Amino acid sequence: MLLNEKTLGSKMIYQGRILNLRVDDVQLLNGKKSKREIVEHKDAVCILAVKDEQMYFVRQFRKAVDDVLLEAPAGLVEAGESAEAAARREMREELGFNAENLEFLFEAYTSPGFSDEKISFFYADGLYEDPLKADDDEFLEIKSIGIKDCLDMIFDGKITDLKTASGIFYLARKFKLW
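About the criteria used
- Just so you know, the residues in each chain are numbered from 1, in the order the chain's sequence is written.
- Only residues with pLDDT of at least 70 are given local features in this predicted model, and only at 80 or more are side-chain atom pairs given and counted; all residues enter the totals for whole chains, interfaces and linings.
- Side-chain numbers come from the whole structure's heavy atoms, not from hydrogens or water.
- Secondary structure follows DSSP: runs of H or I at least 4 residues long count as helices, runs of E at least 2 residues long count as strands, and numbering of each begins at the N terminus.
- The contact criterion used is simple: two residues touch if any of their non-hydrogen atoms lie within 4.5 Å.
- Using a 1.4 Å probe, the Shrake-Rupley method yields the accessible areas, and only the shown protein chains count as cover for residues.
- We call Phe, Tyr and Trp rings a pair once their centres come within 6.5 Å, taking the six-membered ring for Trp, and we label the pair stacked below 30 degrees between planes, edge-to-face above 60, and tilted otherwise.
- Throughout, exposure labels follow a simple rule: accessible area from a 1.4 Å probe, protein chains only, divided by the maximum for the residue type, with under 20% read as buried, over 50% as exposed, and the rest as partly exposed.
- We define a nonpolar core as any set of buried Ala, Val, Leu, Ile, Met, Phe, Trp, Tyr and Cys residues linked to one another through side-chain atoms lying within 4.5 Å.
- DSSP-based pairing: two strands are paired if at least 2 bridges between them are found.
- To get an axis, fit a line to the C-alpha atoms, keeping to the stretch in contact for a helix; angles then go from 0 to 180 degrees between the N-to-C directions.
- By definition here, a helix of n residues has an expected span of 1.5 Å times n minus one.

Participant: Mind showing me how you'd approach the overall build of the chain here?
Facilitator: Scanning the chain from N- to C-terminus turns up three helices and ten strands. Of the regular secondary structure in the chain, the N- to C-terminal order runs β-β-β-β-β-β-β-α-β-β-β-α-α. In terms of principal-axis extent, the alpha carbons of the chain reach across some 60 × 35 × 30 Å. Excluding contacts between residues fewer than 6 apart, the proportion of contacts in the chain whose partners are at least 24 apart in sequence is 56%. Just so you have it, the chain exposes about 10,700 Å², and 50% of that area is on carbon and sulfur atoms.

Listed below in structure tokens is the structure:
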């Protein structure tokens, strides 16, 4: 069975620095017509940085949820930049570290019901100081947490960022860290 929707038309509503919003007119499998609101988002990276059995996070205010969240360092892939280069840059900007080893883990879509944003996840170890100037609009607090405590923090509601939780779950399974 084909599960495709046929695009009948598309209208760009907003074009921004990191995302665009468009509305597509589609024909459904049953022949009816509908609209799809689509966020076109730049690709991103998420870095799971570990040193001396500590995992490194950033705390930052997120306006969309009007709260301070604990997150794995992450950011956008810039034009012409590889995901690995973006991961190293973001880690240096947000944590002040680079890594001897940076291993690609997996890619995932954040919310495919309305967005095409894809995040590439990386595991970083062999961390060493190598800071870059942080972005002017980012105000971060760096936190290191015992790697064995990270899963509990998800279950206790202290880590609510889904990309961070997904990365921690992946590490727990892949490396049998917990």
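Having seen the structure, we can now continue with the description.
Participant: Help me understand the packing of aromatic side chains, please; the structure alone is not making it clear to me.
Facilitator: Two measures describe an aromatic ring pair: the distance that separates the ring centres and the angle between the ring planes. Enumeration over the complete set of coordinates arrives at five aromatic pairs. Ring centres 5.7 Å apart and planes at 75° place the aromatic pair Phe104 and Phe122 in the edge-to-face group. Placement of Phe104 in strand E8 (residues 97-109) and of Phe122 in strand E9 (residues 118-129) is noted, with a sequence separation of 18 residues between them. Judged by relative accessible area, which is 41%, Phe104 ranks as partly exposed. A relative accessible area of 4% places Phe122 in the buried class. Ring centres of Phe106 and Phe121 lie 4.3 Å apart, and the angle between their planes is 5°; this geometry places the pair in the stacked category. Here Phe121 lies in strand E9 and Phe106 lies in strand E8, a separation of 15 residues in the sequence. For the pair Phe106 and Phe121, one class covers both residues: buried. Site record: aromatic cluster; members linked through ring pairs are Phe106, Phe121 and Tyr170.

Participant: Is there a simple way to explain the nonpolar core in this structure?
Facilitator: The nonpolar side chains of a soluble globular protein tend to be buried, and buried together. Core analysis: the largest hydrophobic core is formed by 26 residues, its most contacted members being Cys46, Leu48, Met55, Phe57, Leu105, Ile159 and Ile168. Taken together, the elements giving at least two residues each to this core come down to strand E4 (44-51), strand E5 (54-62), strand E7 (74-76), E8, E9, helix H2 (150-155) and helix H3 (162-174). Core analysis: the second largest hydrophobic core is formed by 16 residues, Ala49, Val58, Ala86 and Phe122 among them.

Participant: Before we go on, may I ask you to explain the sheet that holds strand E1 (residues 6-15) in this structure?
Facilitator: Strand pairing within a sheet occurs via backbone hydrogen bonds; the two strands may be parallel or antiparallel. Read across the sheet, three strands follow the order E1-E2-E3 without closing on themselves; strand pairing throughout is antiparallel. Two strands close off the open sheet at either side, each with one partner strand: E1 and strand E3 (33-41). Between one strand and the next, the sheet's axes are offset by a mean angle of 25°, whatever the strand orientation. In terms of strand pairing, strand E2 (residues 19-27) meets E3 through nine bridges, oriented antiparallel. Paired with Asp25 across the two strands is Lys35, which belongs to E3.

Participant: Would you mind showing me how to read H3 here?
Facilitator: For H3, which comprises 13 residues, the first-to-last C-alpha distance of 18 Å matches the rise-based estimate of 18 Å (1.5 Å per residue) to within 8%. Buried within H3 are the following residues: Lys163, Thr164, Ala165, Gly167, Ile168, Leu171 and Ala172. Just past H3, the residue Lys176 takes up positive phi, approximately 45°.

Participant: What is the right way to look at unusual backbone geometry in this model?
Facilitator: Where the residue is not glycine, phi is negative for most of them; where a peptide bond is considered, it is trans in most cases. Unlike most non-glycine residues, Asp52 shows phi in positive territory, near 50°. In this fold, Asp52 is placed in the loop between E4 and E5. Positioned with a positive phi, Glu53 is a non-glycine residue whose angle comes to about 60°. Take Glu53: it is sitting in the loop between E4 and E5.

Participant: Honestly, the environment of Leu95 in this entry has me stumped. Any pointers?
Facilitator: Relative to the assigned elements, Leu95 resides in the loop between helix H1 (83-94) and E8. In this structure Leu95 comes out as buried when scored by relative accessible area, which is 7%. In sequence terms Leu95 and Ala134 are 39 residues apart; their C-alpha atoms lie 9.1 Å from each other. In this structure, Leu95 is in contact with Ala49, Tyr56, Phe57, Val58, Pro73, Glu90 and Ile142, ignoring residues within four places of it in sequence.

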